[in-house]
Amino acid sequence: MKTKAVRMYGEMDLRLEEFELPEIKDDEILAKIYSDSICMSTYKLAKQGKNHKRAPQNIDTNPIITGHEFAGVIVKVGEKWKDQFRPGMRFAQQPALNYKGSMASPGYSYEYFGGDCTYCIFPHEAMEVGALMPFEGDSFYKASLGEPLSCSIGAMHAQYHTKQGVYTHEMGLKRGGNLIIMGGCGPMGLGAVAYACVCPYDPAKVVVTDVDDVKIARAKEVVSPEWAKEHGVELIYVNTAAMEDPRQGLMDLTDGHGYDDVLIYVPVPSVAELGNQVLAYDGCMSFFSGPSNKDFTANVNLYDCHYNATHIMGTTGGNNDDLIEANDLAAKGIIDPAIMVTHVGGIDSIAETTCSLPNIKGGKKLAYTQFNMPMTAIEDFGKLGETDPFFKELDACCKAHNGLWNPEAEKMIFEHFGVTVDAF
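The present account deals with the structure reproduced in this document. (Residues numbered from 1 in each chain as written. Predicted model: local features only at pLDDT ≥ 70, side-chain atom pairs only at ≥ 80, totals over all residues. Heavy atoms only, no water.)

### Structural notes on the overall build of the chain
Formally: Here a helix means four or more residues in a row that DSSP labels H or I, a strand means two or more in a row labelled E, and each is numbered from the N terminus. What the globule rule says is 2.2 Å times the number of residues to the power 0.38, and the radius of gyration is computed from C-alpha atoms. Any two residues whose heavy atoms approach within 4.5 Å at even a single point are treated as in contact. Calculation of accessible area relied on Shrake-Rupley with a 1.4 Å probe; when residues are assessed, cover is drawn exclusively from the protein chains displayed.
Each helix and strand counted, the chain has 14 helices and 19 strands in total. In terms of overall dimensions, the chain is globule-like: its C-alpha atoms have a radius of gyration of 22 Å, near the 22 Å expected for 424 residues. Taking the intrachain contacts of the chain between residues at least 6 apart in sequence as the baseline, contacts between residues at least 24 apart amount to 74%. Total accessible area on the chain stands at roughly 18300 Å², and carbon and sulfur atoms take up 49% of it.

In structure tokens:
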């Protein structure tokens with residue numbers, strides 16, 4: 001079977017190509033891919049090429065398929081898995097395989113296994129670790145966005161706290177505590193904010209910082225303080241650049257107590273240092289945003305680490321349970337992952353978008369792999385609709401959903417481009 005895929009040959013060398021997939025083995029599964037949301041981690045992969053920890057050293061002759069936030073439908077099942085999977089099943093997948101200690105992952109390490117394609121092959125290890133799972137939601141984009149949401153879910157589950165003299169970690173956010181998400185108005189941050197408001201730890205207060213008033217304004221629209229209040233959470237957005245003394249200003253929001261949990265969502269030393277400065281006693285700070293600079297450092301207060309029992313940690317990705325939780329929240333409509341999306345495009349837009357990702361404003365870039373379409377901002381649909389009736393309809397559909405991408409819009413775009421949607 002032929003597939004069309006974006007493949008990486010080296011640093012910033014991504015090519016959209018068509019080639020033949022081999023026949024699947026008895027322990028493999030063939031899948032049709034419908035959506036992949038483009039991750040900043042893929043940009044970092046493209047920038048580093050074979051210097052990336054997950055990239056094979058022979059990509060110049062055996063290129064890998066990029067993309068790891070993907071969803072689709074199972075087409076053919078190898079004999080080994082016929083009791084667990086069937087053709088026509090919609091799926092979500094967890095790219096962090098961690099198979100026997102290997103760092104190999106779809107979108108980074110495999111010739112035939114990644115999301116930026118029309119068809120791909122799941123190798124045996126993906127099923128063996130439970131990384132391929134059914135998805136019962138009403139759209140593919142929700143399954144694609146389950147992976148980035150699961151990363152934030154995992155970060156909050158990985159937080160920990162202690163009691164003086166007791167050598168046991170109490171896992172998760174401090175129950176009923178103060179949480180701050182720094183640099184939290186980007187796409188990943190918005191997913192974290194939404195989850196924080198509905199998570200089982202019931203934080204009393206969630207403060208979200210940024211330095212861009214435009215991003216803050218959009219964040220207030222898509223994850224509003226009013227919505228958070230309905231879930232028993234006081235949600236506050238602040239622009240730290242507008243504060244005369246950011247540390248004091250943030251502390252004042254907690255009446256001097258500080259923050260029990262700090263999540264750093266941008267790889268900026270000054271942001272990490274400010275987060276460290278506002279930790280409460282027994283506060284836990286997670287450096288969530290993975291830098292591409294291997295020498296990235298920031299100053300931390302080790303006096304507080306010693307006398308105030310503060311903790312510093314980090315996570316990368318989520319696990320299967322985190323993805324199951326993310327998919328369940330999306331399928332039940334508790335969290336709409338579309339809050340992360342600002343652009344939509346086709347398979348022909350992926351390579352250029354990935355390599356230019358830091359320079360494209362907005363949130364997540366959602367790609368559909370079964371058709372061609374320039375990567376287009378949702379807010380530009382109306383302008384395009386002045387000359388194109390389809391975009392006029394699409395704009396009206398998104399405006400009816402608070403300006404967000406939605407299941408109806410996904411169905412419309414499939415119909416417009418003549419895409420047959422299996423198992424819907």
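### Let's talk about the pattern of salt bridges
Quick note on the threshold: When a carboxyl oxygen of Asp or Glu lies within 4 Å of a side-chain nitrogen of Lys or Arg, that pair is called a salt bridge. Note on classification: 1.4 Å probe, protein chains only; a residue is buried when its accessible area is under 20% of the maximum for its type, exposed when over 50%, partly exposed between these limits.
Following the criterion strictly, the structure yields 14 salt bridges and no others. Between D395 and K399 there is a salt bridge, with its nearest N and O atoms 3.1 Å apart. Remark: K399 and D395 occur in helix 13 (residues 389-399); sequence separation between them is four residues, near one turn of the helix. Overall, D395 belongs to the buried group, its relative accessible area being 11%.

### What to know about the state of the cysteines
Here is the rule we go by: A pair of sulfur atoms, both from cysteines and within 2.5 Å, is called a disulfide here.
What the rule picks out here adds up to zero disulfides. Looking at C284, it has no disulfide partner, and the nearest cysteine sulfur is the one in C305, 11 Å off. Given the relative accessible area of 0%, C284 is considered buried. Among the cysteines around C398, which has no disulfide bond, C397 carries the closest sulfur, lying 5.5 Å off.

### Section: the sheet that holds strand 12 (residues 205-210)
Which entries qualify depends on this criterion: Paired strands, in this sense, are two strands between which DSSP finds at least two bridges. To define axes, lines are fitted to C-alpha atoms, for helices over the stretch in contact only, and angles between the resulting N-to-C directions are given on a 0 to 180 degree scale.
Strand order in this open sheet of six strands is 13-12-11-14-15-16, and the pairing throughout is parallel. Sheet topology places strand 13 (234-239) and strand 16 (311-313) at the edges, where each strand pairs with a single neighbour. The mean inter-strand angle of the sheet, taken between neighbouring strand axes irrespective of direction, is 15 degrees. In this sheet, strand 16 lies alongside strand 15 (residues 279-287) in parallel orientation, the contact comprising three bridges. Of the residues in strand 16, the one forming a bridge with S286 is M313. Across the face of the sheet, helix 5 (residues 213-222) comes into contact with strand 12 and strand 13 while running at roughly 165 degrees to strand 13.

### A closer look at the nonpolar core
Formally: The definition of a nonpolar core used throughout is a set of buried Ala, Val, Leu, Ile, Met, Phe, Trp, Tyr and Cys residues joined through side-chain atoms within 4.5 Å.
Residues I181, V223, Y237, Y368, L394, W405 and I413 are the most contacted members of the largest nonpolar core, which totals 69 residues. If you look at the next biggest cluster of nonpolar residues, it comprises 29 residues, including A5, Y99, F113 and Y119.

### Details of the packing of aromatic side chains
Threshold: The rule is short: rings of Phe, Tyr and Trp, with Trp giving its six-membered ring, pair when the centres are within 6.5 Å, and they are stacked under 30 degrees, edge-to-face over 60, tilted in between.
One pass over the full model with this rule turns up 19 aromatic pairs. The interplanar angle of 90 degrees and the centroid separation of 6.1 Å between the aromatic rings of F70 and F113 together place this pair among those described as edge-to-face. With F70 in strand 5 (residues 70-77) and F113 in the loop between strand 6 (90-93) and strand 7 (119-122), the pair connects residues that are 43 residues apart, well separated along the chain. Summarising the burial analysis for this pair, F70 and F113 share the class buried. For the ring pair F287 and F296, a centre distance of 5.3 Å and an interplane angle of 25 degrees mean the geometry is stacked. Aromatic ring contacts, followed pair by pair, group Y34, F140, Y368, F371, F381, F390, F391, W405, F414 and F417 into a single cluster.

### Digging into the environment of M188
Tracing the backbone shows M188 in helix 4 (residues 187-198). As for M188 and Q248, which are separated by 60 residues in sequence, their C-alpha atoms are 26 Å apart. Among all residues touching M188, those that are not within four sequence positions of it are P148, C151, S152, Y265, F288 and K364.

### Let's talk about the pairing of strand 2 (residues 13-20)
Relative to strand 2, strand 1 (residues 2-10) runs antiparallel, the two sharing eight bridges. From the neighbouring strand, G10 faces strand 2, where its bridge partner is D13.

### Some words on the side chain of T66
As for its position among the elements, T66 is in the loop between strand 4 (64-65) and strand 5. In this structure T66 touches V6, M8, L14, T42, G107, G114, G115 and D116, once residues within four positions along its chain are discounted.

### Section: the packing of helix 3 (residues 140-158) against helix 4
The cut-off we apply is this: Any angle that falls under 35 degrees is termed roughly parallel, while one over 145 is termed roughly antiparallel, one within 65 to 115 roughly perpendicular, and all others oblique. Helix crossings get a hand from a simple test, with the near helix turned counterclockwise from the far one by less than a right angle marking a left-handed crossing and a clockwise turn marking a right-handed one.
Relative orientation of the contacting elements helix 3 and helix 4 amounts to 55 degrees, with a least axis distance of 9 Å. It follows that helix 3 is oblique to helix 4 by the angle criterion. Like other packed secondary-structure pairs, helix 3 and helix 4 cross with a definite hand, here right-handed. Here helix 3 contributes P148, L149, C151, S152, I153, M156 and H157 to the contact with helix 4, which in turn contributes M188, G191, A192, Y195 and A196.

### Concerning the pairing of strand 7
The two faces of strand 7 match: Y119 and I121 on one face and C120 and F122 on the other face are all buried. In the sheet, strand 3 (residues 29-38) pairs with strand 7 via four bridges, with the strands oriented antiparallel. Looking across to strand 7, one finds that A31 is bridged to C120.

### Some thoughts on unusual backbone geometry
The backbone of N98 shows a phi angle near 50 degrees, a positive value even though the residue is not glycine. Residue position: N98 is located in the loop between strand 6 and strand 7. A positive phi is found at D282, a non-glycine position, where the angle reads about 65 degrees. Its location among the elements puts D282 in strand 15.

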